[in-house]
Amino acid sequence: MANPSLLILAGDGIGPEVMAEVKKIVAWMGDRRGIVFDVSEDLVGGAAYDAHGTPLTDATMARAQAADAVLLGAVGGPKYDRLDFSVKPERGLLRLRKEMDLFANLRPAQCFDALADFSSLKEEVVAGLDIMIVRELTSGVYFGEPRGIFKEGNERVGINTQRYTESEIARVARAAFDLARKRSNKVCSMEKANVMESGILWRDVVQEVHDRDYPDVELSHMYADAGAMQLVRWPKQFDVIVTDNLFGDLLSDAAAMLTGSLGMLPSASLGAPMANGRPKAMYEPVHGSAPDIAGQGKANPIACILSFAMALRYSFDMGEEATRIESAIEKVLADGLRTADLLGPEGGAPVGTAAMGDAIVAALDASL
Ligand code: IPM
Ligand code: MG
């Protein structure tokens, strides 16, 4: 059988730097575990715009559709701020999500023991934290029509549309309930049913799917603003949170800081199963392109490496190898290694991106 294929789209800013460390782990899996991938690389975001005048070419889109899994770094940067909206780097990422129909975005916020005292929240609030945000990724206000900036009388009006169909809500709800059954069996659904009709429908459909097919899972509903507050008040009350595209974007950045740094949070974006039974899938760190530190070799590669671990778990059914990577990271952090984002005001000597990657590889060696 052919080796599974990985398409790497490193993108912009710190994307290529953190992805270089992921490539070391991919190579390690081949050399030391006999898990060999057919790896290819292509451009996305500003890098693709610079080369081709578009943030994602049709050829790259086709390669992403054909790959067993896509690994993405980050897109965007100040250099592209003034570009026309239709060719902004972010459009490349959104096209991948939309055309691959990656409707379930899994963003696990786990607090590593070694970082529990580093979070901006009290240690007892975050120690042992393990929650999963399931963000709807292909609809809602990110894609709804009408949208645009229009002339109305003598002023302009900016319009975006929050739109959800029942089936869009039902399929992401199912993804959340399925995940919950493998975890602590609890789902909290978040919307703004107090002010939005789409929120009323969201709440109804999630409840219907629950009552029909998942009565064994404990389900609660929360308004998203209250959810944000509860997330920083006592995050351990949650197991799986399911929410829409925009609320999920906001809540997952907040959840990331519970774990200490945005540089720690991976994500998996999953769609329907392909002919080979694997889900359509893309894996990316939640952090962005971090233009302020790009090119300096000091970015934290852990979120991107954890995203590859998620690929092993969700695309290739290699949960044990994923755990091996996660344990290696746990060990390196316990040994006191810190990239700059993981140092508090009292400072200390940070390690660079490559040194962190090398240390994780060494910890993998030690795991054999
Ligand atoms: C994310 C990012 C993206 C989003 C941007 C880069 C388009 O913030 O993945 O959370 O808004 O979805
Ligand atoms: Mg975001």
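Heads up: the structure comes first, above all this text.
Calculation notes
- Residue positions within a chain follow its written sequence, with the count starting from 1.
- Chains and ligands are labelled sequentially in the order written, the chains with letters from A and the ligands with numbers from 1.
- Since the coordinates come from a predicted model, pLDDT governs what is reported: local features require at least 70, and pairs of side-chain atoms require 80 or more to be given and counted, while whole-chain, interface and lining totals use all residues.
- Based on all heavy atoms of the structure, the side-chain values leave hydrogens and waters out of the count.
- Put simply, DSSP marks the helices as runs of H or I at least four residues long and the strands as runs of E at least two long, and each gets a number from the N terminus on.
- Candidate patch residues must exceed 30% relative accessible area and have no salt bridge, after which like charges are joined if within 9 Å and Val, Leu, Ile, Met, Phe, Trp or Tyr side chains if within 5 Å.
- Here the open area of atoms and residues is found with the Shrake-Rupley method and a 1.4 Å probe, where only the protein chains shown may cover a residue.
- Salt bridges are defined by distance alone: a side-chain nitrogen of Lys or Arg within 4 Å of a carboxyl oxygen of Asp or Glu.
- The sign given to each residue is positive for Lys and Arg and negative for Asp and Glu; His and the chain ends receive no count.
- By convention, the point assigned to a charge is CZ for Arg, NZ for Lys, CD for Glu and CG for Asp.
- In plain words, nonpolar cores are sets of buried Ala, Val, Leu, Ile, Met, Phe, Trp, Tyr and Cys residues tied together by side-chain atoms within 4.5 Å.
- Each residue is assigned to one of three classes by its accessible area relative to the maximum for its type, calculated with a 1.4 Å probe on protein chains only: buried under 20%, partly exposed between the two thresholds, exposed over 50%.
- Domain ranges listed in this record stem from an automatic or a database domain assignment.
- Note on contacts: a residue pair is in contact if any heavy atoms of the two residues lie within 4.5 Å.
- We treat two strands as partners when DSSP finds at least two bridges between them.
- The span expected for a helix works out to 1.5 Å for each residue beyond the first.
- What the arc measures is the spread of directions leading from the helix axis to the C-beta atoms.
- One heavy atom within 4 Å of a molecule or strand makes the whole residue count as near it.
- What qualifies as a polar contact is a pair of N or O atoms within 3.5 Å, subject to a donor-acceptor requirement within protein and to the restriction that residues adjacent in sequence count only when both atoms come from side chains.

K.L.:
Summarise the environment of Glu152; cite the residues concerned and give the values.
P.N.:
If you trace the backbone, Glu152 turns up in strand S6 (residues 144-152). The spatial distance from the C-alpha of Glu152 to the C-alpha of Leu6 is 48 Å, given a sequence separation of 146 residues.

K.L.:
Explain a negative patch on the surface to me, and be specific about the residues and the numbers.
P.N.:
The grouping of Asp117, Glu123, Glu124 and Glu346 at the surface amounts to a negative patch. Along the chain, Asp117 turns up in the loop between strand S4 (104-110) and helix H5 (123-126).

K.L.:
Would you mind going over the nonpolar core in detail, with residue names and values included?
P.N.:
Among the nonpolar cores identified, the biggest contains 72 residues, and Phe308, Ile325 and Leu333 are the most heavily contacted of them. Here this core gathers at least three residues from each of two domains, domain 1 (1-111 + 265-368) and domain 2 (130-258). Apart from the residues lying within four places of it in its own chain, the contact partners of Phe308 are Leu6, Val22, Ile25, Val26, Met29, Phe37, Leu71 and Ile325. Among the nonpolar cores identified, the runner-up in size contains 23 residues, and Ala116, Leu121, Ala256 and Val286 belong to it.

K.L.:
Pulling in residues and values, what's your account of the pairing of strand S7 (residues 155-161)?
P.N.:
Bridging between S6 and S7 involves six bridges; their strand directions are antiparallel. Within the sheet, the bridge partner assigned to Gly144 lies in S7 and is Thr161. With antiparallel pairing between neighbouring strands as the criterion, S6 and S7 make up a hairpin whose turn holds two residues, including Gly153 at a positive phi of roughly 65°.

K.L.:
Tell me about helix H9 (residues 245-258), residues and numbers included.
P.N.:
Over its 14 residues, H9 runs 20 Å from end to end, which matches the ideal 20 Å to within 8%, given 1.5 Å per residue. The complete set of buried residues in H9 reads Asn245, Phe247, Gly248, Leu251, Ser252, Ala255, Ala256 and Leu258. Taken around the axis of H9, the buried residues stretch over an arc of 165°, which confines them to a single face. The elements touched by buried residues of H9 are S4, H5, strand S5 (130-136), strand S8 (186-191), helix H8 (224-233) and strand S10 (240-243).

K.L.:
I'd like a rundown of the pairing of strand S11 (residues 268-273), residues and numbers included.
P.N.:
Strand direction decides the pairing type here: S4 and S11, joined by three bridges, are antiparallel. Bridging from a neighbouring strand, Leu106 pairs with Ala268 of S11. In this sheet, strand S12 (residues 279-283) lies alongside S11 in antiparallel orientation, the contact comprising four bridges. Paired with Leu270 across the two strands is Ala281, which belongs to S12. The hairpin turn running from S11 into S12, its antiparallel successor, is five residues long, and Gly277 in that turn takes a positive phi close to 90°.

K.L.:
Report on the site of ligand 1, specifying residues and quantitative values.
P.N.:
Surveying the vicinity of ligand 1 reveals the residues Glu90, Leu93, Arg97, Arg107, Arg135, Tyr142 and Asp249. Between ligand 1 and Arg107 there is a distance of 2.8 Å, counted from an oxygen atom to a side-chain nitrogen or oxygen. One of the side-chain N or O atoms of Arg135 is found 2.8 Å from an oxygen atom in ligand 1. If ligand 1 stood free it would expose 320 Å²; the protein chains cover 77% of that surface. Ranked by residue count, the leading element in the shell around ligand 1 is helix H4 (residues 89-99), at three residues. When residues are assigned to domains, the shell around ligand 1 turns out to be shared by domain 1 (1-111 + 265-368) and domain 2 (130-258), each giving three or more.

In short, geometric facts, not functional conclusions.
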